[in-house]
2 protein chains.
Amino acid sequence: MGSRWGINRTVGQIYALLYVSPKPLCADEIVEALGISRSNVSMSLRELQAWRLVLLSHKPGDRREFFSAPDDVWQILRTLIEERKKREIDPTLSVLREILMQDPQGESERFAQRRMTEMHGLIEQLTTWYDDVKQLDTQRLATLLGLGSRISRLLDASDKIVSVGRRKTKDGKGRV
Amino acid sequence: MGSRWGINRTVGQIYALLYVSPKPLCADEIVEALGISRSNVSMSLRELQAWRLVLLSHKPGDRREFFSAPDDVWQILRTLIEERKKREIDPTLSVLREILMQDPQGESERFAQRRMTEMHGLIEQLTTWYDDVKQLDTQRLATLLGLGSRISRLLDASDKIVSVGRRKTKDGKGRV
DNA sequence: CACGGAGTTCAGAAATTTCTGAAACTTCTA
DNA sequence: TAGAAGTTTCAGAAATTTCTGAACTCCGTG
């Protein structure tokens with residue numbers, strides 16, 4: 001299924017298996033379930049650990065390691081996004097910053113820099129927003145999502161809250 | 001640079017080139033600039049068109065086609081997200097739905113279905129939210145992003161707006 | 001209606017990514 | 001300290017993806 005989450009096919013398969021499995025699995029159980037090599041499982045689990053997507057557990061008197069996915073899907077999503085940001089967005093941002101440090105040579109360079117400044121600004125706005133929003137607990141996040149189209153009306157109200165500061169709002173409608 | 005946007009390296013390079021280029025380019029100019037084969041450029045441009053990421057233009061008395069990226073980065077982002085959703089999220093959702101139609105056989109199947117229901121719910125919540133938010137014009141979207149951490153406080157206020165309906169809010173603070 | 005420039009197609013080559021088996025390593029136990 | 005059970009590593013094999021050159025289509029022109 002969806003193997004375009006920044007991880008490869010096998011890793012995805014293993015994670016899907018752990019996700020739907022009612023109890024933690026050990027490496028050999030995964031080998032058997034998916035028909036892939038032991039070493040592949042080992043490397044893939046290592047990868048999942050690097051992504052902090054799996055939980056490790058042990059049974060008393062058993063040396064094997066058992067793996068499972070977190071219970072909370074929201075938590076999984078948060079981890080996934082956090083890791084992707086770390087691996088993809090952050091490096092992109094710093095490359096962009098480096099380029100923007102240099103002085104542009106000639107007209108087309110200037111244009112290119114302007115464009116990259118725009119791109120940088122966009123990404124930075126998004127990550128700033130994300131860094132804020134990720135602080136919210138899942139409950140509130142769900143409320144925010146559920147708000148949906150009403151968000152627009154609310155925005156108008158917030159224009160006032162923000163611009164007028166702490167003064168009382170007169171109504172919930174807003175302008176435009 | 002960032003070639004993990006669901007498109008391949010060359011396509012990314014070409015798009016980056018178009019993005020920073022002050023004027024539309026024709027296929028041969030891209031060949032020359034990037035040192036890749038004509039056929040590769042042709043196929044990559046085709047791909048970019050399929051993603052609706054490029055604009056096509058012509059010069060009078062010239063049969064060649066000229067390509068460029070939209071001026072507005074926000075618009076580029078919107079298109080990118082929309083297309084990825086169409087290609088990745090939507091198919092995932094329908095596969096999930098299909099699976100959830102079937103009756104689970106046995107205990108572990110039941111568990112698996114519960115898990116998939118959770119996943120389905122999560123994705124649906126996110127896409128519903130997205131479908132709403134994408135209606136907003138860029139101006140408002142920027143405001144929403146800029147709101148950042150204040151969003152939390154606002155959420156508490158919105159609890160009231162939503163639950164009390166259209167009545168006037170007493171202050172912008174909220175509780176907690 | 002043959003020519004040439006522009007664009008496209010596609011089979012195989014090249015590059016990249018992923019997977020495997022065999023050997024090495026680690027711990028625990030007897 | 002030998003060995004059993006589990007895990008890890010890694011060089012090369014296999015699979016997949018991407019790229020290319022050569023042939024082809026599609027116009028408009030002289």
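Residues numbered from 1 in each chain as written. Chains lettered and ligands numbered in written order. Predicted model: local features only at pLDDT ≥ 70, side-chain atom pairs only at ≥ 80, totals over all residues. Heavy atoms only, no water.

**Quick notes on the nonpolar core**
1) Next: One finds Leu18(A), Leu45(A), Leu18(B) and Leu45(B) to be the most contacted residues of the largest nonpolar core, which totals 75 residues.
2) Next: Apart from the residues lying within four places of it in its own chain, the contact partners of Leu45(A) are Ile14(A), Leu18(A), Ala27(A), Ile30(A) and Phe67(A). (Core = buried A, V, L, I, M, F, W, Y, C linked by side-chain atoms within 4.5 Å. Buried < 20%, exposed > 50% of the residue type's maximum accessible area, 1.4 Å probe, protein only. Contact = heavy atoms within 4.5 Å.)

**Digging into the protein's contact with DNA strand D**
1) Next: In the vicinity of DNA strand D there are 15 residues, among which Arg38(A), Arg46(A), Thr10(B), Ser37(B) and Ser39(B) approach most closely.
2) Next: Each atom of DNA strand D within 4 Å of the protein belongs either to a base or to sugar and phosphate, the latter forming 63%.
3) Next: Note that a phosphate oxygen of DNA strand D is positioned 2.9 Å from one of the side-chain N or O atoms of Arg46(A).
4) Next: Between a phosphate oxygen of DNA strand D and a main-chain N or O atom of Ser37(B), the distance comes to 2.9 Å.
5) Next: Elements represented by at least two residues in the surface near DNA strand D include exactly α3 (38–50) of chain A together with α3 (38–50) of chain B.
6) Next: The element contributing the most residues to the surface near DNA strand D is α3(A), with 4 residues. (Near = heavy atom within 4 Å. Polar contact = N/O pair within 3.5 Å; in protein donor to acceptor, adjacent residues only side chain to side chain. Helix = DSSP H or I, 4+ residues; strand = E, 2+ residues; numbered from the N terminus.)

**Topic: α3(B)**
Residue and element names in this part refer to chain B.
1) Next: Here α3 contains 13 residues, and its C-alpha end-to-end distance of 18 Å stays within 8% of the 18 Å for a straight helix at 1.5 Å per residue.
2) Next: Taken together, the buried positions of α3 are occupied by Val 41, Ser 44, Leu 45 and Leu 48. Viewed end-on, α3 has its buried residues packed into an arc of 100 degrees, placing them on one side of the element. Opposite its buried face, α3 presents the exposed residues Met 43 and Arg 46, each directed more than 90 degrees away.
3) Next: As for α3, its buried residues are in contact with α1 (9–20), α2 (27–34) and β3 (65–68).
4) Next: Following α3 by one or two positions, Arg 52 adopts a phi angle in the positive range, close to 55 degrees. (Expected span 1.5 Å × (residues − 1). Arc of directions from axis to C-beta.)

**A few points about the protein's contact with DNA strand C**
1) Next: Residues in contact with DNA strand C amount to 15 residues; listed here are only the nearest, Thr10(A), Ser39(A), Arg38(B), Arg46(B) and Glu65(B).
2) Next: Take the atoms of DNA strand C that sit within 4 Å of the protein: sugar and phosphate atoms are 66% of them.
3) Next: At 2.4 Å, a side-chain N or O of Arg46(B) approaches a phosphate oxygen of DNA strand C.
4) Next: Only α3 of chain A together with α3 of chain B provide two or more residues apiece to the surface near DNA strand C.
5) Next: Here the surface near DNA strand C takes 4 residues from α3(B), the largest share from any one element.
6) Next: Of the residues assigned to the surface near DNA strand C, the class counts are 2 nonpolar, 7 polar and 6 charged. (Nonpolar A, V, L, I, M, F, W, Y, C, P; charged D, E, K, R; others polar.)

**Let's talk about the pattern of salt bridges**
1) Next: Overall, the coordinates contain 25 salt bridges over all chains when judged by the stated rule.
2) Next: For the salt bridge of Glu82(A) with Lys134(A), the shortest nitrogen-to-oxygen distance reads 3.4 Å. Of this pair, Glu82(A) sits in helix α4 (residues 73–101) while Lys134(A) sits in the loop between α5 (106–133) and α6 (138–147), placing them 52 residues apart in sequence.
3) Next: Residue classification places Glu82(A) among the partly exposed positions, given a relative accessible area of 24%.
4) Next: Where Arg84(B) meets Glu88(B), a salt bridge forms, and the shortest distance between an N and an O atom there is 3.1 Å. Separated by 4 residues within a single helix, Arg84(B) and Glu88(B) lie in helix α4 (residues 73–101), roughly one turn from each other.
5) Next: Note on Glu88(B): relative accessible area 21%, which makes it partly exposed. (Salt bridge = Lys/Arg side-chain N within 4 Å of Asp/Glu carboxyl O.)

Spatial relationships are all this shows, so hold off on functional conclusions.
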